[in-house]
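Coordinate inspection notes
Here are the chains, one letter per residue:
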Amino acid sequence: MTQVTFQNLIDALNELYPPTLAEDWDPIGLHFGDPKAPVNKIMTTLDVRHAVVDEAIKLGVDTIIAHHPLLFQPIQRFDISSLTNQLYAKLIKHDIKVFAMHTNLDIAHNGMNDWLAEQLGLINIRELDVQATDELPGLGRIGQLATPLSRTALLDLLKSTYQRNELPIIEKTPQESYQTIAIIGGSGSSLMEAVASQDVDVFLTGDITYHTAQALEDIPMMTVDVGHYTESIFAKKAAEVIQLLVNEKQWPVTVQATELNINPFRYE
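In this text, all values refer to a predicted model and were calculated from it rather than measured experimentally.

Attention now moves to empty space enclosed by the protein. For the structure on display, the rule yields one cavity of 30 Å³ or more. By volume, the largest cavity amounts to about 30 Å³. Taken together, L116, Y162, I183, I184, G185, G186, L204, T205, G206, V226, G227 and T230 form the lining of the largest cavity. Elements represented by at least two residues in the lining of the largest cavity include exactly strand 8 (178-187) and strand 9 (202-206). Taken together, the residues of the lining of the largest cavity break down into six nonpolar, six polar and no charged.

Quick look at the structure:
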């Protein structure tokens, strides 16, 4: 193939992470660009932020593959005094295409929750949903640490993995050791009852609200709000997946992950 089009890339990614897996509310897919436009240089990122687009422009990137969809709400007015609209205008001006894989990638095999489980070194990884199938694995994974860890050792592992000095912990009664871990990338506390039914020692997710934390405190397990930014693993892992596609199909395309830390939170 002499020239790869955006549609070629979209078709290949949709085969790996079918759009039919996505939640109904989730605006995955093509956000900016012409499907017939050529693809030469791809960059992967968790979020499409101003700094990421500036990085793409500097590096000559023409296609961004993101985890979080950029256009969640309709644009009522294309007023360029708006910072958000300035971002959209920058993408259009520089002919940068944007494609998002979100809950379909969270649910699919070799997707977000598998990557997060593997990042922690979990073994015997299985789906959280007991009714999951090979075609529809569902959100969340459960796995085990190779050996049980003390509370201190577990928290040290989590802080090291997620580069944090401290973590919000919800746990009424500490346990002697911890081994079975449930993980849901992003905001997964709405599935806390499903997690509690699986006899896990630790539940890892992000964006836990105050009142949800009160409910979680009554469940006999440790819950840790590891933050939404744990999903930044997407940039590296998605780049690896796309690079394998490029190699397999012998596409004349380069792939790289963003090098930016775009976490809006600072821990001091």
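Before going further, it helps to spend a moment on the packing of aromatic side chains. Within this structure, the stated rule accounts for four aromatic pairs. Between W25 and F72 the ring centres are 6.4 Å apart and the planes differ by 25°, which places this aromatic pair in the stacked class. Of this pair, W25 sits in the loop between helix 1 (6-16) and strand 1 (29-32) while F72 sits in the loop between strand 3 (63-66) and helix 3 (83-93), placing them 47 residues apart in sequence. Judged by relative accessible area, W25 falls into the exposed class, the value being 53%. On the basis of relative accessible area, F72 is assigned to the partly exposed category, the value being 39%. With a centroid separation of 6.4 Å and 50° between ring planes, the pair formed by W115 and F234 is classed as tilted. Pair noted here: W115 is in helix 5 (residues 112-119) and F234 is in helix 9 (residues 233-249), with a separation of 119 residues, a long-range link. Judged on exposure class, the residue W115 and its partner F234 are both buried. One Lys or Arg, R164, reaches over the ring of Y267 and ends 3.9 Å from the middle of that ring.

Time to look at the sheet that holds strand 8. With mixed pairing, the six strands of this open sheet are ordered in space as 5-6-8-9-10-7. The sheet is open, and its two edges are formed by strand 5 (123-127) and strand 7 (169-170), each paired on a single side. Docked against the sheet, helix 5 engages strand 5, strand 6 (141-149) and strand 8, running at close to 140° with respect to strand 8. Across the face of the sheet, helix 6 (residues 151-162) comes into contact with strand 6, strand 7, strand 8, strand 9 and strand 10 (222-225) while running at roughly 125° to strand 6.

The next thing to look at is a nonpolar patch on the surface. Together, I75, F78, I80 and I92 make up an exposed nonpolar region whose accessible area comes to about 360 Å². Its location among the elements puts I80 in the loop between strand 3 and helix 3.

Turning our attention to the layout of surface pockets. The volume enclosed by the largest pocket comes to roughly 920 Å³. Going through the elements one at a time, helix 6 and helix 9 are the ones with two or more residues in the lining of the largest pocket. Residues belonging to the lining of the largest pocket are distributed by class as follows: 15 nonpolar, 11 polar and seven charged. When residues are assigned to domains, the lining of the largest pocket turns out to be shared by domain 1 (6-104 + 232-257) and domain 2 (109-226), each giving three or more. Counted as a void, the second largest pocket has a volume near 230 Å³.

Our next topic: the side chain of D201. Looking at the element boundaries, D201 is found in the loop between helix 7 (192-196) and strand 9. Buried charge without a partner: D201 forms no salt bridge, and the closest opposite charge is R126, 10 Å away.

For the rest of this paragraph, the subject is the domain arrangement of the protein chain. The domain architecture assigned to the protein chain consists of domain 1 (6-104 + 232-257) and domain 2 (109-226). Computed from C-alpha coordinates alone, the two centres of domain 1 and domain 2 are separated by 29 Å. Between domain 1 and domain 2, the residue contacts involve nine residues of the former and 10 residues of the latter. Of all residues in domain 1, Y17, L21 and I233 give up the largest surface area on contact with domain 2, accounting jointly for 53% of the area buried on that side. Where domain 1 touches domain 2, the interface holds one residue pair in polar contact (both at pLDDT 80 or more). Among the residues forming the side of domain 1 that touches domain 2, the class breakdown is six nonpolar, one polar and two charged.

Conventions we followed
Residues numbered from 1 in each chain as written. Predicted model: local features only at pLDDT ≥ 70, side-chain atom pairs only at ≥ 80, totals over all residues. Heavy atoms only, no water. 1 Å grid on protein atoms, 1.4 Å probe; cavity = no way out; pocket = protein on both sides within 12 Å on 5 of 7 lines; lining within 4 Å. Points joined across faces, edges and corners; volume = space filled by probe spheres on them. Helix = DSSP H or I, 4+ residues; strand = E, 2+ residues; numbered from the N terminus. Nonpolar A, V, L, I, M, F, W, Y, C, P; charged D, E, K, R; others polar. Phe/Tyr/Trp six-rings, centres within 6.5 Å; stacked < 30°, edge-to-face > 60°. Buried < 20%, exposed > 50% of the residue type's maximum accessible area, 1.4 Å probe, protein only. Lys NZ or Arg CZ within 6 Å of the ring centre and 35° of its normal. Pairing = 2+ DSSP bridges. Contact = heavy atoms within 4.5 Å. Axes fitted to C-alpha atoms, helices over the stretch in contact; angles between N-to-C directions. Patch = residues over 30% accessible without salt bridge, like charges linked within 9 Å, V, L, I, M, F, W, Y side chains within 5 Å. Areas by Shrake-Rupley, 256 points an atom, 1.4 Å probe, with all protein chains shown as cover. Salt bridge = Lys/Arg side-chain N within 4 Å of Asp/Glu carboxyl O. Domains from an automatic or database assignment. Lys, Arg positive; Asp, Glu negative; His and termini not counted. Buried area = accessible area lost by both parts, 1.4 Å probe. Polar contact = N/O pair within 3.5 Å; in protein donor to acceptor, adjacent residues only side chain to side chain.

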